[in-house]
Every structure is written in structure tokens, then in C-alpha cells.
Amino acid sequence: MIGYVTLGSNDLERSAKFYDPLAAEMGVGRMMEFESFIAWGAMDGAPGIAATKPYDGKEASVGNGTMVALEARDRDQVKRLYDIALANGGSCEGEPGPRGEPDENGMVFYAAYFRDPDGNKLNAFLMDKVA
């Protein structure tokens, strides 16, 4: 149902330095790029993510309670995405690890939380068997 998610940025060059390596880890690159907008993903693939200067010309701000979740292949990729985010100007909002209790099938929500350089909150996650 979701085609792509757009996050506001006050510095697209800084956003590109943050999102380029995350996208590469997920096997995609830039799919659209304009003076005020960069989108990462695959045109006929899963939903993408974009950084944009606000259309109204005002400062970009962070949505309180807003978060973008990036689905990872495995726990190692959750950790790599978290490490890439922190190495490229992001900040920690929760180290990689299980969250909550396993469901009736022994699956647990495993995630890491971080913010991009503009303060937008993201996570890398998967549902995984309890280790």
C-alpha cells in the first residue's frame, strides 16, 4: 500500500551522505533526484524513502511520533544498518536487540532505532525466531 515515504531535510547533501550507504546496504540506490528531492529505492520494487526540502520553503521539522521502519533480512543486517546510520551522522535511539515477548510461534520483534542528521526517526527491524 505504501509507495514511498518522504522525510524533510534542511541539508540534502548531508541527507545523501546518510541515506546513500543505508540504501546500498539494502541493495538499492537513488531512483530519483532533483534540486530539492532525492529518493532511494527501485522503481518497480518495495516502497522507497526520500529526503526533501519542504515545498513551502520553511524549515524541515521532525514529526513527533513519526518513524520510518526499514525491513532487514536478518539480525546482522539490523546491526549493519544501525552502524551505518551512526557512522554517517545519525544518532542512537535504541541499540539492536529483541523488543517485547515472543509470539505464539516463537517469533520476536528485533530492531535498532536511530535518527538521521535532521532528527527524523527510523528503525531497522525484522520478525525473527528467538535466539
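Refer to the structure presented above.
The sections below set out a description of the structure shown in this document. (Residues numbered from 1 in each chain as written. Predicted model: local features only at pLDDT ≥ 70, side-chain atom pairs only at ≥ 80, totals over all residues. Heavy atoms only, no water.)

Describing the overall build of the chain
Operational definition: Put simply, DSSP H or I for four residues or longer makes a helix, DSSP E for two residues or longer makes a strand, and each gets a number counted from the N terminus. In this description the radius of gyration comes from C-alpha coordinates, and the expected globular size is given by 2.2 Å times residues to the power 0.38. We call a residue buried when its accessible area falls under 20% of the maximum for its residue type, exposed when it is over 50%, and partly exposed in between, using a 1.4 Å probe and counting protein chains only.
When its secondary structure is counted, the chain shows 2 helices and 8 strands. Going from the N terminus to the C terminus, the chain shows its helices and strands as β-α-β-β-β-β-α-β-β-β. Radius of gyration (C-alpha) of the chain: 15 Å, near the 14 Å computed for a compact globule of 131 residues. Oriented by its inertia axes, the alpha-carbon framework of the chain measures out at about 50 × 30 × 25 Å. Residue burial in the chain is summarised as follows: out of 131 residues, 37% are buried.

So, the packing of aromatic side chains
Just so we agree on the cut-off: Two rings from Phe, Tyr or Trp (for Trp, the six-membered ring) form a pair when their centres are within 6.5 Å of each other. A pair whose planes differ by under 30 degrees is stacked, one over 60 is edge-to-face, and the rest are tilted.
Summed over all chains, the structure comprises 4 aromatic pairs. For the ring pair phenylalanine 18 and tyrosine 19, a centre distance of 4.8 Å and an interplane angle of 85° mean the geometry is edge-to-face. Centre to centre, the rings of phenylalanine 109 and phenylalanine 125 are 5.7 Å apart; their planes meet at 20°, and the pair counts as stacked. In this pair, phenylalanine 109 is assigned in strand 7 (residues 107-115) and phenylalanine 125 in strand 8 (residues 121-129), connecting sequence segments 16 residues apart.

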